[in-house]
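Coordinate inspection notes
Spelled out from the first residue to the last, the chains are:
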Amino acid sequence: VVLWGVLLPATLRSGSSAAIDAMLSASSFAQHLVNTILLMLDFAVNHMLVDTSTLVLVVCWNVAYVLFEWVAHSMSAKWTYFFLSLNGFTWAWYAALAAVGVGAHALACLASRWKARRLAVAPPPGPGPAARASVALPL
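Quick notes on the rules
Residues numbered from 1 in each chain as written. Predicted model: local features only at pLDDT ≥ 70, side-chain atom pairs only at ≥ 80, totals over all residues. Heavy atoms only, no water. Helix = DSSP H or I, 4+ residues; strand = E, 2+ residues; numbered from the N terminus. Buried < 20%, exposed > 50% of the residue type's maximum accessible area, 1.4 Å probe, protein only. Contact = heavy atoms within 4.5 Å. Areas by Shrake-Rupley, 256 points an atom, 1.4 Å probe, with all protein chains shown as cover. Patch = residues over 30% accessible without salt bridge, like charges linked within 9 Å, V, L, I, M, F, W, Y side chains within 5 Å. Salt bridge = Lys/Arg side-chain N within 4 Å of Asp/Glu carboxyl O. Core = buried A, V, L, I, M, F, W, Y, C linked by side-chain atoms within 4.5 Å. Lys, Arg positive; Asp, Glu negative; His and termini not counted. 1 Å grid on protein atoms, 1.4 Å probe; cavity = no way out; pocket = protein on both sides within 12 Å on 5 of 7 lines; lining within 4 Å. Points joined across faces, edges and corners; volume = space filled by probe spheres on them. Expected span 1.5 Å × (residues − 1).

Summing up its helical and strand segments, the chain has 6 helices and 0 strands in all. Reading the chain from its N terminus to its C terminus gives the helix and strand order α-α-α-α-α-α. Residue burial in the chain is summarised as follows: out of 139 residues, 19% are buried. The long-range fraction of contacts in the chain, counting pairs at least 24 apart against all pairs at least 6 apart in sequence, stands at 62%. Taken as a whole, the chain presents about 10400 Å² of accessible surface, with 74% of it coming from carbon and sulfur.

Structure (C-alpha cells):
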C-alpha cells in the first residue's frame, strides 16, 4: 500500500530517473511485493490466528521502525523515505503510517475470525482413525 500508493507516485512526480529506477528495481520488488506475498501465504497455510490483543505489538513495531530510521538518518544524513524527514508535516505522515499499521492489523483480525470459523468446520489434516488402523507398520 505504501509503496504503490505513496512512494511510487511521489518518485514519479520528482522526475529523478535514478530514484525511479531504484523504486522499480528487483530489490525493491523483493523488499515490498515478494515480502507481502510470502506473509499472506504464511498466514493462509498455518493455523495461527491474530488476536486484537496483539495491537500493542503493531504500535511498538511502528515506534521501533521510526526510531531505527532516526538513528540511520543520524549516521548517514539521508532519509530512507521522504515522508520521514522532520519537516512541518512529519506528524501527519507518522500518524498515517501508524493508521496503516492499525488498519492492516484490523484486516488480519477479520481474516483470523474467518479462518477460525473455517478451521472449526474443516476436518483435521491427515488421515482419520480408520485410515490409520489400516496402515501396516514395518517391524
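On we go.
This part covers a nonpolar patch on the surface. Together, W4, L24, F29, L33, V34, I37, L38, L41 and V45 line one region of the surface with nonpolar side chains, adding up to about 800 Å² of accessible area. Top contributing element to the nonpolar patch by residue count: helix α3 (residues 26–45), with 7 residues. For V45, the position within the fold is in helix α3. Residue V45 is classed as exposed on the basis of its relative accessible area, which comes to 59%.

On to the nonpolar core. Core analysis: the largest hydrophobic core is formed by 11 residues, namely L3, L7, L8, M23, V66, W79, Y81, F83, L84, Y94 and L97. Those elements that place two or more of their residues in this core are α1 (2–14) and α5 (90–121). When neighbours within four sequence positions are excluded, F83 is seen to be in contact with V2, V6, L7, W93 and Y94.

A separate point is the side chain of S112. Locating S112 in the fold gives a position in helix α5. You can call S112 buried: its relative accessible area is 2%. Not counting the four nearest positions on each side in its chain, S112 is found in contact with F43, L49 and V50.

This part is about the side chain of E69. As for its placement among the helices and strands, E69 is situated in helix α4 (residues 55–76). Among buried charged residues, E69 stands out as having no salt bridge; its nearest opposite-charge side chain is K78, 9.6 Å away. Leaving out residues up to four positions away in the same chain, E69 has contacts with W79, T80 and L84.

Counted as a void, the largest pocket has a volume near 1800 Å³. Lining the largest pocket are 35 residues, with N35, T36, L39, G101 and A104 sitting closest to its centre. Breaking the lining of the largest pocket down by element, the ones donating at least two residues are α1, α3, α4 and α5. Looking at the second largest pocket, its volume works out to about 150 Å³.

Taking 1.5 Å of rise per residue, 13 residues should cover 18 Å, and α1 covers 17 Å from first to last C-alpha, within 8% of that figure. Every buried residue of α1 is listed here: L3, L7, L8, A10 and T11. The inward-facing, buried residues of α1 abut α2 (17–23) and α3. Once α1 finishes, G15 follows within two positions and takes phi at roughly 80 degrees, a positive value.

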